[in-house]
Every structure is written in C-alpha cells, then in structure tokens.
Amino acid sequence: MASTASGASRLPLAWLRLLLLGWLFAVVSQTTCASNGLQPLSDADREAVAGYFTADADGFYGSLQETYHALRALEILEQSNVESQKICDSLVGLVQAPHDSVEDAFHVVRIAEVLQCPHGAEVAKVIVPSLQAAVEKAKSLLELHYSVATIAIIKGWSSKSASFNVALSGVFSSLKELAGPDGKWHYTKSSSESSAKAAGLYTFFSFPTTAIAYHFKNPSVRGLQIGHIKTAAIKLFDNLESHDQGVLYFQESKDDASSGGGGTLEATWAVLRGSAALAAVLPAKLKVKVEKVFGIAKFLLTPGLALNATEAFYQLDSLSVLEEYRPAVPVSVQTSSILSLSSNDNLEVAVTTVLGKPVSQVKVTLVSAHCIGADAPPVWSSQNLNYVENSGKYVFHFLSATTDLGKYKLSLEVCSVKSEGDSSYTSGGPVKSDITVISAIGISDVQLAVLDSNTGISDFSAVLEYGKDENITLSANHLQKLLLLLKLTSPSGSPFNPQQVFLKLVHESHVEHLYLVKSSAKGFQLTLDFLGLVEKLQYLSGTYNVVLIVGDMTMENSFVWTLASLDLDLPAAPEGKPLPPEAPLEITARVGSKPEIAHIFWQPEKRPPTLLSNIFLSLTLLPLIGFFIGLGYLGANIKLFPTTGLPGAAAVGFHGAVASILVLYFLFWLKLDLFTTLKSAWILGLGTLPPGHFILSYLADSSAKQKTA
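The model shown is predicted, which means the values in this text are computed figures rather than measured ones.

Moving on, we get to the environment of L272. Within the fold, L272 resides in helix α12 (residues 263-281). A relative accessible area of 2% means that L272 is categorised as buried. The spatial distance from the C-alpha of L272 to the C-alpha of S318 is 6.6 Å, given a sequence separation of 46 residues. Excluding its chain neighbours within four sequence positions, the residues that come into contact with L272 are I296, L300, S318, V321, L322 and Y325.

Okay, the packing of aromatic side chains next. On inspection of all chains with the given rule, the structure shows 14 aromatic pairs. Plain terms: the ring middles of Y68 and F313 are 5.7 Å apart, the flat faces sit at 65 degrees to each other, and that makes the pair edge-to-face. With Y68 in helix α3 (residues 64-76) and F313 in helix α14 (residues 309-323), the pair connects residues that are 245 residues apart, well separated along the chain. A single burial state applies to Y68 and to F313, both of which are buried. An aromatic cluster is built from Y68, W269, F313 and Y314, whose rings are joined through pairwise contacts.

Now for the sheet that holds strand β10 (residues 393-396). Read from one edge of the open sheet, four strands run β4-β6-β10-β9, paired in antiparallel fashion. Whereas interior strands pair on both sides, the edge strands pair on one side only; in this sheet they are β4 (332-335) and β9 (386-388). The mean angle between the axes of side-by-side strands here comes to 30 degrees, regardless of whether they run parallel or antiparallel. Judged from the three bridges that link them, β9 and β10 form a sheet pairing that is antiparallel.

Our next topic: a nonpolar patch on the surface. A cluster of nonpolar residues, L617, L621, L624, F627, F628, L631, V663, F666, L667, W669 and L670, forms a patch on the protein surface that exposes about 1100 Å² of accessible area. Those elements giving two or more residues to the nonpolar patch turn out to be α16 (610-634) and α17 (645-670). In this fold, W669 is placed in helix α17.

A low pLDDT means the predicted coordinates there should not be read in detail. Model confidence for the protein is summarised by a mean pLDDT of 78, while 77% of its residues fall at 70 or above. Scored below 50 in pLDDT, residues 1-32 makes 54 contacts in the model with residues more than four places away or belonging to other chains. Counted against residues more than four places away or in other chains, residues 207-224, with its pLDDT under 50, gives 35 contacts.

Packed helix pairs are characterised by how far apart their axes lie and by the angle those axes make with each other. Axis separation between α3 and α14 bottoms out at 9 Å; the angle between their running directions is 45 degrees. Relative to α14, the element α3 lies oblique. Read as a crossing pair, α3 and α14 show a hand that is left-handed. Within the contact between the two elements, α3 uses Y68, H69, R72, A73 and I76 and α14 uses T310, F313, Y314, L316, D317 and S320.

This structure, assessed with the given rule, holds one disulfide. The disulfide bridge from C88 ends at C117, spanning 2.0 Å between sulfur atoms. The sign of the S-S torsion, about -75 degrees, decides the handedness of the disulfide formed by C88 and C117: left-handed. Taken as a pair, C88 in helix α4 (residues 84-94) and C117 in the loop between α5 (102-115) and α6 (120-137) lie far apart in primary sequence, 29 residues in all. Residue class for C88 comes out buried when judged on its relative accessible area of 3%. The class for C117 is buried, based on a relative accessible area of 13%.

With that settled, consider the UniProt feature "transmembrane region" (unreviewed entry) in the protein. The UniProt record annotates "transmembrane region" (unreviewed entry) at residues 615-636, 648-669 and 681-700. Across residues 615-636, helical content stands at 91% and strand content at 0%; the span's end C-alpha atoms are separated by 30 Å.

Moving on, we get to the pairing of strand β23 (residues 559-569). Where strand β16 (residues 473-477) lies against β23, five bridges are found, and the strand directions are parallel. Along β23, the bridge assignment pairs N477 with D569. Relative to β23, strand β22 (residues 542-551) runs antiparallel, the two sharing nine bridges. Residue pairing in the sheet places Y544 in a bridge with L566 of β23.

Once that is clear, we can look at the sheet that holds β22. Strands belonging to one sheet form pairs held by backbone hydrogen bonds; the direction of such a pair is parallel or antiparallel. Sheet architecture is open: five strands sit in the order β16-β23-β22-β18-β19, paired in mixed fashion. Each edge of the open sheet is held by one strand with a lone partner, namely β16 and β19 (512-516). In this sheet, adjacent strand axes meet at a mean angle of 30 degrees when their direction is disregarded.

For the rest of this paragraph, the subject is the packing of α12 against helix α13 (residues 290-300). Contact geometry for α12 and α13: axes closest at 12 Å, N-to-C directions at 140 degrees. One finds that α12 runs oblique with respect to α13. α13 is crossed by α12, and the crossing has left-handed handedness. Here T264, L265, T268 and L272 of α12 come into contact with α13, specifically with I296, F299 and L300. Classifying every residue of the contact of α12 with α13 gives five nonpolar, two polar and no charged.

When their charged atoms lie close together, side chains carrying opposite charge are able to pair. Taken as a whole and judged by the stated rule, the model has 10 salt bridges. Across the pair K86 and E83 runs a salt bridge, and its minimum N-O distance is 2.8 Å. Here K86 falls in the partly exposed class, since its relative accessible area comes to 35%. Here E323 and K357 are joined by a salt bridge, their closest N and O atoms 3.9 Å apart. With E323 in helix α14 and K357 in the loop between β6 (347-352) and β7 (362-371), the pair connects residues that are 34 residues apart, well separated along the chain. With relative accessibility at 12%, the residue E323 sits in the buried group. Bridged by salt links that share partners, the residues R72, E75, R273 and D317 form one connected network.

Over its 13 residues, α3 runs 18 Å from end to end, which matches the ideal 18 Å to within 8%, given 1.5 Å per residue. Counting buried positions over the 13 residues of α3 gives 11, a clear majority of the element. Here α3 has its buried residues at L64, Q65, T67, Y68, H69, A70, L71, R72, A73, L74 and I76. Note on α3: the residue one or two positions beyond its end, E78, has a positive phi of about 60 degrees.

Rules and cut-offs
- Residues numbered from 1 in each chain as written.
- Predicted model: local features only at pLDDT ≥ 70, side-chain atom pairs only at ≥ 80, totals over all residues.
- Heavy atoms only, no water.
- Helix = DSSP H or I, 4+ residues; strand = E, 2+ residues; numbered from the N terminus.
- Buried < 20%, exposed > 50% of the residue type's maximum accessible area, 1.4 Å probe, protein only.
- Contact = heavy atoms within 4.5 Å.
- Phe/Tyr/Trp six-rings, centres within 6.5 Å; stacked < 30°, edge-to-face > 60°.
- Pairing = 2+ DSSP bridges.
- Axes fitted to C-alpha atoms, helices over the stretch in contact; angles between N-to-C directions.
- Patch = residues over 30% accessible without salt bridge, like charges linked within 9 Å, V, L, I, M, F, W, Y side chains within 5 Å.
- Areas by Shrake-Rupley, 256 points an atom, 1.4 Å probe, with all protein chains shown as cover.
- Salt bridge = Lys/Arg side-chain N within 4 Å of Asp/Glu carboxyl O.
- pLDDT = per-residue confidence, 0-100.
- Parallel < 35°, antiparallel > 145°, perpendicular 65-115°, else oblique.
- Left-handed = near helix turned anticlockwise from the far one by under 90°.
- Disulfide = S-S within 2.5 Å.
- UniProt positions renumbered as here; feature names shortened; annotations may be inferred.
- Nonpolar A, V, L, I, M, F, W, Y, C, P; charged D, E, K, R; others polar.
- Expected span 1.5 Å × (residues − 1).

Right under this line is the structure:
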C-alpha cells in the first residue's frame, strides 16, 4: 500500500499491463503441457519471487507492512532463512508503549502470528487497550479493518488474552451505510466510488468480528443476521472483469488508488481473502461459480504478473487462499504429451494445486480417446485412472495391442471424492489434451535397380537391409532408369505413411537433387528416368551418392541412409549451354581460419653511439661556461641589486620569471610538446613584464641620481 498515484493516472497503465499479461498467458498456454490451461507455480517462479525479498541487518524487510509481506510470502514459499528470534525480540520493544497507529499494531500482530513469536501475550497486553478504543472511534472501513482483524488474531493466540472484552454494538449497523447496490462497498460515507477491494476488506474483517462477538457472548450482536453480508459477497463476484483465455480479475477503483492501492492484484486479493473468511464461518458453502474461481486462478498464474515485492505478496497470498478455498479449489491438470510403444509408457496425469502441491482426493476419468484423422470409434472410453502413492500422478495403461502410431485427442474429467469437511476441487470443466504415440517403424523390402528405358528389364538389382553397412556401386547412363522400392510398417503391421520420404542424389561436386518418394499399393516407389532428367541434372556425369531420407514426428528411428554409389554417364552439354553453377563451399572453407597477417610497425630511426652523444652535449655546454667567464672578465657584479622594499621584490620577481622561462625551455627539450610550451611561455612572459619594467626604471633613476650628485 505504498503507492500514492491518483486513480486517473493508474487505470490506463493497468489496462495496458493487463493487455500484455493476457498476451503472455495466451502464448504460455499454447506452449506448455497444462492441458486445462492452468500452469502451477514452478520452481523457477518461486526462486524469482523469493529474490524480491531482502532483509536488513536487524532481520526486517523495510517497514512493518513490508516485513509482514516478506515473511508471509517466504512462509508460503517454504523458505527457512528467516531470523525469527531476532524479529520477535524486536517486536516486544516496538510495543512497550501504546501505539498511536492501529495500522502499525495490525502489522506487528500479523508478524508475530507468522513467526509464532512466544511473546504474544506481552504484545496483546500492550495493544489491546488501543484496539478497544479504535473500534469505538473508527470512522472508515480501513480503521475498522485494522482494529477488528487485529483483535481476531490476538483472540486466537492463547487463553491468556481472553480476559478483555470488545464493544461491538452499532458496528455492523454503521457498516451497512457503506454498502453499495452492486455488492461493492465505500471506504467512507464520503467516498465517490464503490470498490471491490473495499468489499473484500469488509468481509475480511466483518466475519472475524462476528465470530469474536459470539465468542464473547455479546448480547448486542447475539441475534445478528449475516444473510445480507453473504448475499452482498455473492453479488460481488458479478463485478469480475474478463480478459482473453478466460482470465478474470477485480478492477482497481479510483478510491483504491487514492488509499494506497496495489492495482488489480490487491483488489483481487482482498476479495479472495474476504470471501474465504466468510466461507470459514458459514455452515454451508459460499455459492460462487467454479468458472469464476478458475478464471481468477488463471489471472494469478499469469507469467510476469508480480513485478515487485508488494505484488509478489498479493499474488502468493491469493494463491495460498485458493489452496483451501471453500467454494472451490482450482487444480492444474497436466498430461503426458508423448507415449512410446517401444518403452510401453503409461499415460500419466498430474493433478496439483495452484502452488504445485499434489492432489490425491480426486477421481480422474478418461472419458474418451480418439485417433486424430481416423474415422473410427474411440480407442478408450470411461476409464478410471489409478493414483500412485507419493508420486502425485494418476496413471493408465493407454497402449494396448491395437494402439497404433499417431496423435490422439483425449477428454478427461476430474471430480472431487466426496468427503465431509473437505474442499471440492475443480479443473474448470472437461480437460482436453492431445498426446502423440511414437515408436520405431519397420523398414523392409528395400530394393534398388537399374532398368532399361525401353524394355523395363532390370540390368542390375540389389536388395538392401536397413542397419547393415553395404558398399553397393551402380552404373547407369541416360538411356536407363533408377528404381527404388521399400515398405514401411507400424508396430501393428499396418502400412505406415510418414510425413517425409525423399531420395537425394548428391554429385561429387556437392550439387544436390531432391525427389519425393510417393506411396503406392505395394509400399513406396520412385522411378527416375535419366533421359528426361538430363537437363535438370545439368549434364553432370560422375559419381552420385544415393541417399534415402525418412522422417516423421511419430517415428523414433527417423533416418538418413546412404543406399549406394551411382556412376552416371550423361551426354555432354550442347554448345552454348551455360555451365552448371559452382558447388557451394563447405562451411569450413567459408568460415575457416584466414591467412595470418604480418603487422609492420614503425621502425625507430638509427641513433649515434652514446659516447658521441655525450661529447656533443659537452660541446653545447661550452658557450654557457664561456658566458660566465665573460661576465667575470667584464667585472659584472650584483652590488646594485636592490635588497629592500618594492625594488627588491621586483628584482626577485623579474629574475625568478626569467629563470622559470629557462626551466620551461629545458622541459620542452625533455618532454613537453610545442603547444603546451608556447602557452606556458606566454603566461610566464606576461608575468615577467611588470617587475622587469619596474626594476629597470628604478636602476635608470638610481644611475641618473649618482651622475648628478
């Protein structure tokens, strides 16, 4: 309930999301073996959802509400990596002072319930007074929901908490004012729109409240009639929204969004939770159509439905409600997709709940089984499947002596075994499923012959046996024919007509020619008249490999069989006839290793010997030495170098700047590039100009004063 987006901005996004989810559901339902369109939560789904929940150092998963969501979701996923003791100890500290927020108290108690904390009595002792006051002061549906649902949880903990009483007079009468005519409810009297989520929350807390009232023997509600609530709950399911593939859900309203709505998932969760609480206290089942329950299950099992931790909680908790939903428990029915005659496989039907738990209390009946494409009576009808203990599967010996290869259309029926107090299971109606019966086929009477084109007399004939490595060589010319005969039989001995039967001639230059082998009364037969095929064979004489290709989806032994080698002598191509195209290169020739590339790098220029370079360096330093000797010879000195005041500072700055320029030249010689050197020299030159001008002017004035003195 962390969202604060407005309903106007959420509804279009919700429709877009539902459209995408509906498409995903349609794709998945066509590619999985869940024959009744319901795919239970898989191990991969469980792992992905568990990844949404990460605990902090204290064992919490964020706020109190987020922590409860995570703990409840991990409980459903049967994850044991929860620091229960640390969280329980922290809860005691959270309730040392009375809670100002009934919502926080609600989440604290729910966390304690999930973890079965041993400090329930201590928590109840602190929280109950604030809850009693909250029931009397509640002005909205959510306030009543938090306070009454918390009382219901505490009441079930232990007898130690049974010493308090709750004033429930007037609660139900005030709630009637929030009811809408369509089974929906308002959050407050001022709410602009009724909501399925609000109705779900209402039933979620109202019936625990009723149970508490009777438990307390409260005379103000002893004669309370709950018929109007039951009627409203049943009417609420008429507000289900539908989508493709029979997906049903409750749409979020504007008031849901403004009160922290979690979208269609939370609205659907609230109704399921509320109706389950209602069904738990009613002596008879809540009369909700099983088709509607099954449609909601399809919505909750839509791939990619939960995109964050909050949505993952609503999805998992809703699925856990459907595990024991008293109106009807939806089940997934998955059948074997392939049966092998060679292995004598049994037909297996797995019946599981939406969370993948095996269901044994049902009766699975094979109503009928028809061979697709065959105009014949059903091969099986009205056969009960046997449940195999500890396997979660129902089995039936489908393959009999008369069962042949092919595809079969099955019709299954799943019914609950009547048992008092148990929930009834529903598969959403008759279950339709397709299975494929496969086996190895028999290959016999394979004959290859070379015939005379005019007389039809066999010049050469050979009988081949499948599985034997026989090196047979044939010779033929353009005045002869090639004849192929073979028979294919199914395990029952009847002729088998596979989807693909081809004869391929492969020339030594890798040019290939493919011919369809057609079935006949005697089996399969193909006659190649080389006189009529000269042009199609592109006048290519030489050696051909004769290859037989047989394949079918029901065959376990589809094969590519090289029958013989054929030396074919064809006439030369007429003058002007274009040459046959070059044979395509083998894949290794096209993508094989390339010639190695020898890289030529820049070769460094030759340099003089080190000794010669050092001598040249010494010679370049000689003028500098001569410069210093010349200064001494001329009597240069620093007697007039100013040492105090502004002239002294200008003199030091000027000589320092000149020295810096000399150092810059030295660095340029070592490593600096020309652009960096010019930029630096320009800056240093500007810095040299002011002190140089000042000190030179000072020296000129001093010299003039000395001359006039």
